[in-house]
Amino acid sequence: MIFVIPAVAALIGLTAGWGFLRYELSGAAWVVTVLLSVLMAWGLYKSQTAQGWDALAYVILWLLGAAPALLGLGLGAVIGRWRRIKAEAVVQAE
């Protein structure tokens, strides 16, 4: 059951990344990337400064939530950009 959380986070990131780059919203993709990176950095910092169970909660936040979403966003952006280039090539060929 614990694998559902990162899978859903990665799927949401993948869908968002694909949509952003497929429809020329790369600025929005960069904003979401920066926000997820800040969330990961904050979670890592807090996990090192907190004690006990709180530290574990922060690790879970960035390891099971932000990291898969960031990876999914990157992969989705690559796929969306590739599909956009492919779609533009078909239009130019006709």
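The structure this text deals with has already been given above.
Keep in mind that what you see is a predicted model, and the values were worked out from it rather than measured. (Residues numbered from 1 in each chain as written. Predicted model: local features only at pLDDT ≥ 70, side-chain atom pairs only at ≥ 80, totals over all residues. Heavy atoms only, no water.)

A. Broad picture of the packing of aromatic side chains. Under the criterion given, the structure shown has two aromatic pairs. Ring geometry for Trp 18 and Tyr 23: centres 5.9 Å apart, planes at 85°, overall edge-to-face. Centre to centre, the rings of Trp 42 and Tyr 58 are 5.3 Å apart; their planes meet at 85°, and the pair counts as edge-to-face. One end of the pair, Trp 42, is in helix α2 (residues 26–49); the other, Tyr 58, is in helix α3 (residues 53–93), and 16 residues separate them in sequence. Residue Trp 42 is classed as partly exposed on the basis of its relative accessible area, which comes to 40%. Cation over ring: Arg 22 sits above Tyr 23, and NZ or CZ is 5.7 Å from the ring centre. (Phe/Tyr/Trp six-rings, centres within 6.5 Å; stacked < 30°, edge-to-face > 60°. Helix = DSSP H or I, 4+ residues; strand = E, 2+ residues; numbered from the N terminus. Buried < 20%, exposed > 50% of the residue type's maximum accessible area, 1.4 Å probe, protein only. Lys NZ or Arg CZ within 6 Å of the ring centre and 35° of its normal.)

B. Structural view of a nonpolar patch on the surface. The grouping of Trp 18, Tyr 23, Leu 25, Leu 75, Ile 79 and Trp 82 at the surface amounts to a nonpolar patch, some 630 Å² of accessible area in total. The dominant element in the nonpolar patch, judged by the number of residues it contributes, is α3, at three residues. Mapped onto the fold, Leu 75 is located in helix α3. (Patch = residues over 30% accessible without salt bridge, like charges linked within 9 Å, V, L, I, M, F, W, Y side chains within 5 Å. Areas by Shrake-Rupley, 256 points an atom, 1.4 Å probe, with all protein chains shown as cover. Salt bridge = Lys/Arg side-chain N within 4 Å of Asp/Glu carboxyl O.)

C. Structural view of the pattern of salt bridges. Overall, the coordinates contain two salt bridges when judged by the stated rule. A salt bridge links Glu 24 to Arg 84; its shortest N-O distance comes to 2.4 Å. Placement of the pair is Glu 24 in the loop between α1 (4–22) and α2 and Arg 84 in helix α3, with a sequence separation of 60 residues. The exposure class assigned to Glu 24 is exposed, which follows from its relative accessible area of 53%. Across the pair Glu 88 and Arg 84 runs a salt bridge, and its minimum N-O distance is 3.3 Å. With Glu 88 and Arg 84 both in helix α3 and four residues apart, this pair spans about one turn of that helix.

D. Structural context of the side chain of Ser 47. Tracing the sequence through the fold places Ser 47 in helix α2. Under the relative-accessibility criterion, Ser 47 is labelled buried at 12%. Setting aside its immediate chain neighbours within four residues, Ser 47 contacts Ala 55, Tyr 58, Val 59 and Trp 62. (Contact = heavy atoms within 4.5 Å.)

E. Local environment of the nonpolar core. Listed in full, the twelve residues of the largest apolar core are Ala 9, Phe 20, Leu 21, Ala 29, Leu 36, Met 40, Trp 62, Ala 66, Ala 67, Ala 69, Leu 73 and Ala 77. Per-element tally for this core: the top contributor is α3, with six residues. When neighbours within four sequence positions are excluded, Met 40 is seen to be in contact with Trp 62, Ala 66, Ala 67 and Leu 70. (Core = buried A, V, L, I, M, F, W, Y, C linked by side-chain atoms within 4.5 Å.)

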